[in-house]
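Listed here are the chains, written in short residue letters.
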Amino acid sequence: MLFRSGSGRLLLAEQSGVIHLLDREGKRAEQLFLDLRPQMVAINRGMEERGLLGLALHPQFKANRRFYVVYSAPRRADAPAKWDHTERLSEFKAAADLATAEPGSERVVLEIDEPDWNHNSGRLAFGPDGFLYLSVGDGGAFNDVGDVARGRGHPPEGFGQRLDTLLGKVLRVDIDHGSPYGIPKDNPYADGKKGRPEIFAYGLRNPWGMSFDRGGKHDLILADVGQDRWEEINVIVKGGNYGWRLREGFDGFDPLHPLSAPTNAVTVGADGQPFIDPVLTYKTLRGRGTESNAFGVTVTGGYVYRGKAIPALVGNYVFADWSRSMGIADGTLLVATLPPGGSASARWSVEPLAVKDFPGGRIKSFIWALGEDADGELYVLANGINSAFGTRGKVYQLVPP
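Residues numbered from 1 in each chain as written. Predicted model: local features only at pLDDT ≥ 70, side-chain atom pairs only at ≥ 80, totals over all residues. Heavy atoms only, no water.

Participant: Which residues make up the environment of alanine 13, and what values do they have?
Facilitator: Checked against the element boundaries, alanine 13 lands in strand E2 (residues 9–13). For alanine 13, a relative accessible area of 4% corresponds to the buried category. Put simply, alanine 13 and aspartate 35 are 22 residues apart on the chain and 9.9 Å apart in space, counted from C-alpha to C-alpha. (Helix = DSSP H or I, 4+ residues; strand = E, 2+ residues; numbered from the N terminus. Buried < 20%, exposed > 50% of the residue type's maximum accessible area, 1.4 Å probe, protein only.)

Here is the structure:
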């Protein structure tokens, strides 16, 4: 993950558990900004979805030096005995020169127990309302069902549709009030009677990228990784139910038959309200698509471009697909055209984003994330191997041809 820290510097968060400070030329500071590895669960050298998952700077970071991270901590004592780990949201403070963090300043804000190692999400973003938003995956395993035999089973309707859990949700909290946080008064379940008060939206599988549009209507845009048929982009609205695991893309979903849409698909949630449609879907090579009609195997969320360097991209959503194979580095940069007059009311069109030497957008790397600096310019975070370790990661900036 890559985030602006002011004065032209950038913070680069690695899944392995460290945060680097980069200068204007992209040179990495010798001293780590923060090392979270001692607080984290041990993560695998191969395919892994645990680790350092989210980073966001407080809107008044330069004044109060506060920032927030999400990482995979060892299972806490009161978690279900056979569950995998605990996802932790913590607040830290940076040193006075903003060049390093103060490791001893950690304040644990929120902990969420996770039954499996995958589908954690953990992306963070401050909204224009000043509140902190956190995306949480459905707890892992195939089809939001879980491993019953190992004591990691999910409820019959899946965690995404349950309002008594934070799994499969977008959360919104007031980080500046309350202890350890406050609940915004207009949260859909703020009184806690029909759902957890932190919930802002629900019915999500594994959000892999969440950002606010810095212009336009300041939409909250979230990329949700599908099961085996569809990848999707959603514009998140307050109280919205995005359907998982009763729906994948625009189709109904049956965990017993994940490769075919049921004919009697459910179209409303338990509250009787219709599901919110995605603004963009595309087929995945993991089950539904073919080499000619699918971009890859898992969507990587991005940003609506609001920079000045590439005028032709302004107002378009730049994102990616992680790769066309789970084992071979072959990611694709993508750009979606938003409809005029409001992005939440119509479907978006999408095409590969041509870049120098890669006219089809395929950059021969796994595309793990995108980043944005203070000027709205975008960066691509790529890796030559499918691992959180090693030294083959690169940061590219999108610049004019």
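The rest of the description comes next.
Participant: So, unusual backbone geometry: which residues are in play, and what are the values?
Facilitator: Cis geometry is adopted by the peptide bond preceding proline 180, which originates at serine 179 and carries an omega value of 5 degrees. Locating proline 180 in the fold gives a position in the loop between strand E13 (169–173) and strand E14 (199–202). One non-glycine residue, aspartate 144, lies in positive phi territory at about 55 degrees. Take aspartate 144: it is sitting in the loop between strand E10 (132–136) and strand E11 (146–147). Classification of aspartate 144 by relative accessible area gives buried; the value is 0%. Of note, aspartate 357 is a non-glycine position whose phi angle comes to about 75 degrees, a positive value. With respect to the helices, strands and loops of the structure, aspartate 357 is situated in the loop between strand E25 (349–352) and strand E26 (366–372). Judged by its relative accessible area of 65%, aspartate 357 falls in the exposed class.

Participant: Could you give an account of the packing of aromatic side chains, with specific residues and numbers?
Facilitator: Under the definition given, this model contains 11 aromatic pairs. Here tyrosine 133 and phenylalanine 212 contribute two aromatic rings whose centre-to-centre distance is 5.0 Å and whose plane-to-plane angle is 75 degrees, an arrangement assigned as edge-to-face. On the criterion of sequence distance, the pair formed by tyrosine 133 in strand E10 and phenylalanine 212 in strand E15 (residues 207–212) is long-range, its members being 79 residues apart. Here the two residues tyrosine 133 and phenylalanine 212 agree in accessibility, since each one is buried. Ring centres 4.6 Å apart and planes at 45 degrees place the aromatic pair tryptophan 244 and phenylalanine 253 in the tilted group. Residue classification places tryptophan 244 among the buried positions, given a relative accessible area of 3%. Residue classification places phenylalanine 253 among the buried residues on the basis of a relative accessible area of 7%. By way of ring pairs, the aromatic residues Phe33, Phe67 and Phe92 are connected into one cluster. One residue, arginine 45, lies across the ring of phenylalanine 389, its end atom 4.0 Å from the ring centre. (Phe/Tyr/Trp six-rings, centres within 6.5 Å; stacked < 30°, edge-to-face > 60°. Lys NZ or Arg CZ within 6 Å of the ring centre and 35° of its normal.)

Participant: Any chance you could break down the sheet that holds strand E22 (residues 299–304) for me, citing the residues and the numbers?
Facilitator: Spatially, E22-E23-E24-E25 is the arrangement adopted by the 4 strands of the open sheet, whose pairing is antiparallel. Bordering the open sheet on either side are E22 and E25, each of which pairs with just one other strand. Strand after strand, the sheet turns through a mean of 25 degrees between neighbouring axes, direction not considered. The pairing of E22 with strand E23 (residues 317–321) spans 4 bridges and is antiparallel. Looking across to E23, one finds that valine 304 is bridged to tyrosine 317. (Pairing = 2+ DSSP bridges. Axes fitted to C-alpha atoms, helices over the stretch in contact; angles between N-to-C directions.)

Participant: Would you mind going over the side chain of asparagine 383 in detail, with residue names and values included?
Facilitator: Take asparagine 383: it is sitting in strand E27 (residues 378–383). In contact with asparagine 383, not counting residues within four places along its chain, are Ala329, Ser365, Phe366, Trp368, Arg392 and Gly393. (Contact = heavy atoms within 4.5 Å.)

Participant: Tell me what's going on with the pairing of strand E8 (residues 101–114), and back it up with residues and numbers.
Facilitator: In terms of strand pairing, strand E7 (residues 85–94) meets E8 through 9 bridges, oriented antiparallel. Paired with arginine 88 across the strands is glutamate 111, a residue of E8. Where E7 folds back onto E8 in an antiparallel hairpin, the turn is made up of 6 residues, including leucine 98, whose phi is positive at roughly 60 degrees.

Participant: An account of empty space enclosed by the protein is needed here, citing residue identities and associated values.
Facilitator: In this structure the tally under the stated criterion is 3 cavities of 30 Å³ or more. Put simply, the second largest cavity is a space of about 60 Å³. What lines the second largest cavity is Gly203, Arg205, Asp224, Val225, Gly226, Trp230, Glu232, Tyr242, Trp244, Arg247 and Glu248. Residue assignment for the lining of the second largest cavity shows that the elements contributing at least two residues are strand E17 (230–236) and strand E18 (247–248). Residues that form the lining of the second largest cavity fall into these classes: 4 nonpolar, 2 polar and 5 charged. (1 Å grid on protein atoms, 1.4 Å probe; cavity = no way out; pocket = protein on both sides within 12 Å on 5 of 7 lines; lining within 4 Å. Points joined across faces, edges and corners; volume = space filled by probe spheres on them. Nonpolar A, V, L, I, M, F, W, Y, C, P; charged D, E, K, R; others polar.)

Participant: How would you explain the pattern of salt bridges if you had to name every residue and give the values?
Facilitator: Per the stated rule, a full pass over the model turns up 25 salt bridges. The residue arginine 76 makes a salt bridge to glutamate 111 at a minimum N-O spacing of 3.5 Å. Of the two residues, arginine 76 sits in the loop between strand E6 (66–74) and E7 while glutamate 111 sits in strand E8, which places them 35 residues apart along the sequence. The exposure class of arginine 76 is partly exposed, given its relative accessible area of 28%. Look at glutamate 111 and you get partly exposed, because its relative accessible area is 21%. (Salt bridge = Lys/Arg side-chain N within 4 Å of Asp/Glu carboxyl O.)

Participant: Tell me about the sheet that holds strand E20 (residues 280–284), and name the residues and values.
Facilitator: Read from one edge of the open sheet, 5 strands run E15-E16-E17-E20-E21, paired in mixed fashion. Every other strand in the sheet has two partners, leaving E15 and strand E21 (294–296) as the edge strands with one partner each. Here the strands of the sheet are splayed against their neighbours by 30 degrees on average, with no regard to which way each runs. Direction of pairing for E17 relative to E20: antiparallel, over a ladder of 4 bridges. Following the sheet pairing, tryptophan 230 is matched in E20 by lysine 283.

No statement about biological role is implied by the geometric values presented.
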